[in-house]
Amino acid sequence: MTTTNAIPVWDRFVRLFHWLLVAAFFTAYLVEDDLLGVHAWAGYLVFSLVVLRLAWGVVGSRHARFTDFVRRPREVLGYLQSTLSGKARRHLGHNPAGGAMVVVLIGSLLATTVLGMLLLGSEPGNNLYGFVSGVGLAGETGEEALEETHELFANFTLALVGLHVAGVLFSSLAHRENLVRAMITGRKRPNRPEEEQA
Ligand code: HEM
């Protein structure tokens, strides 16, 4: 470790969560239902990771907590405006736009995986079949609706991931730091004097 990247920002849970999520999401997305068993287990992993992350957002370390990065829409817009004018402030944790993206990503991943589980449950014999048929989603029309909405959310999540990675690269260039490396090592350099908040 060098003193230039001396500040611990992302704890071990956040880093493990992130890279397992990347692997599980792309596995589920790429295999689709060609390998339904693999697709379903990758989906269960995504769901479990997201549920654990929700709990960690309450009890986790400083920059993992929702209170550290969930901001009002007005603040997010203000941050985006300052980005456009090249004056975005550097944040050690998620910046306000990044924080908003985390919330939307987590919401979309939850919607995708819950719909996927309901879709599996529309098959007779599945543990969830009783519930799915109870709410009227087990017939052909219900199954079709579930399948289309599940795919819609999966594609929406993929579009969010594209924006997320673009935001990460943009922010890395703007502040001359490697955010991807920080999500691996957990560490970042401290703010320079000119980067401190006025
Ligand atoms: C290979 C592509 C990806 C790269 C390089 C990447 C990189 C990063 C980085 C650098 C951060 C920290 C951002 C910051 O400094 O504020 C982050 C956070 C995050 N990323 Fe990604 N990401 C990738 C793919 C994904 C995918 C596929 C998902 C979800 C499906 C995802 C979900 C998240 C979430 C939820 C966080 C917040 C982490 C937390 O606070 O627990 N990322 N990502």
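*Asks:* So, the overall build of the chain: which residues are in play, and what are the values?
*Replies:* On a plain count of helices and strands, the chain comes out with 8 helices and 2 strands. Mapped from its N terminus to its C terminus, the chain presents α and β elements in the order β-α-α-α-α-α-α-α-α-β. Structurally, the chain occupies a C-alpha span of about 65 × 35 × 30 Å along its principal axes. The burial tally for the chain puts 20% of its 198 residues in the buried class. Of the contacts formed within the chain by residues at least 6 apart in sequence, a portion of 64% connects residues at least 24 apart.

*Asks:* Describe helix α4 (residues 73–84), listing the residues and the values that go with them.
*Replies:* With 12 residues, α4 should cover 16 Å at 1.5 Å per step; its first-to-last C-alpha distance of 17 Å lies within 8% of that length. Directly beyond the C-terminal end of α4, a positive phi value near 70° is found at Gly86.

*Asks:* Describe the packing of helix α5 (residues 96–121) against helix α7 (residues 140–174), naming the residues involved and giving the relevant values.
*Replies:* Where α5 meets α7, the closest approach of the two axes is 9 Å, and the angle between their N-to-C directions is 155°. By the angle class used here, α5 and α7 are roughly antiparallel. Every pair of crossing elements has a handedness; the one defined by α5 and α7 is left-handed. Residue composition of the contact of α5 with α7, by class: 15 nonpolar, 9 polar and 2 charged.

*Asks:* Summarise the nonpolar core; cite the residues concerned and give the values.
*Replies:* Judged by nonpolar contacts, Leu115, Met117, Leu118, Leu119, Leu120, Val132, Ala138, Leu146, Phe153 and Ala154 together constitute the single largest core of 10 residues. Elements that contribute at least two residues to this core include exactly α5 and α7. The biggest single contributor to this core is α5, with 5 residues. Within the second largest apolar cluster, 8 residues are counted, among which are Phe25, Ala28, Val46 and Leu49.

*Asks:* With reference to specific residues and values, describe helix α1 (residues 12–31).
*Replies:* Given a rise of 1.5 Å per residue, 20 residues ought to cover 28 Å, and the 28 Å separating the end C-alpha atoms of α1 matches this to within 8%. Looking at the packing, one finds that the buried side of α1 touches α2 (36–59). Backbone geometry just downstream of α1 places Glu32 in the positive-phi region, at approximately 45°.

*Asks:* With reference to specific residues and values, describe the site of the ligand.
*Replies:* Around the ligand sit 21 residues, and of these Phe25, His94, Gly98, Leu179 and Met183 come closest. For the shell around the ligand, the element with the most residues is α1, which contributes 6 residues. Here the shell around the ligand is composed, by residue class, of 16 nonpolar, 4 polar and 1 charged.

*Asks:* Hey, could you go over unusual backbone geometry for me, with residue numbers and the actual values?
*Replies:* Positive phi, normally seen in glycine, also occurs at Glu32, with a value near 45°. With respect to the element layout, Glu32 can be found in the loop between α1 and α2. Since 12 C-beta atoms lie within 10 Å of it, Glu32 is described here as exposed.

Analysis parameters
Residues numbered from 1 in each chain as written. Predicted model: local features only at pLDDT ≥ 70, side-chain atom pairs only at ≥ 80, totals over all residues. Helix = DSSP H or I, 4+ residues; strand = E, 2+ residues; numbered from the N terminus. Buried ≥ 20, exposed ≤ 12 C-beta atoms within 10 Å, placed from the backbone. Contact = placed C-beta atoms within 7 Å. Expected span 1.5 Å × (residues − 1). Axes fitted to C-alpha atoms, helices over the stretch in contact; angles between N-to-C directions. Parallel < 35°, antiparallel > 145°, perpendicular 65-115°, else oblique. Left-handed = near helix turned anticlockwise from the far one by under 90°. Nonpolar A, V, L, I, M, F, W, Y, C, P; charged D, E, K, R; others polar. Core = buried A, V, L, I, M, F, W, Y, C linked by C-beta atoms within 7 Å. Near = placed C-beta within 6 Å.

By themselves, these observations are geometric and do not establish any function.
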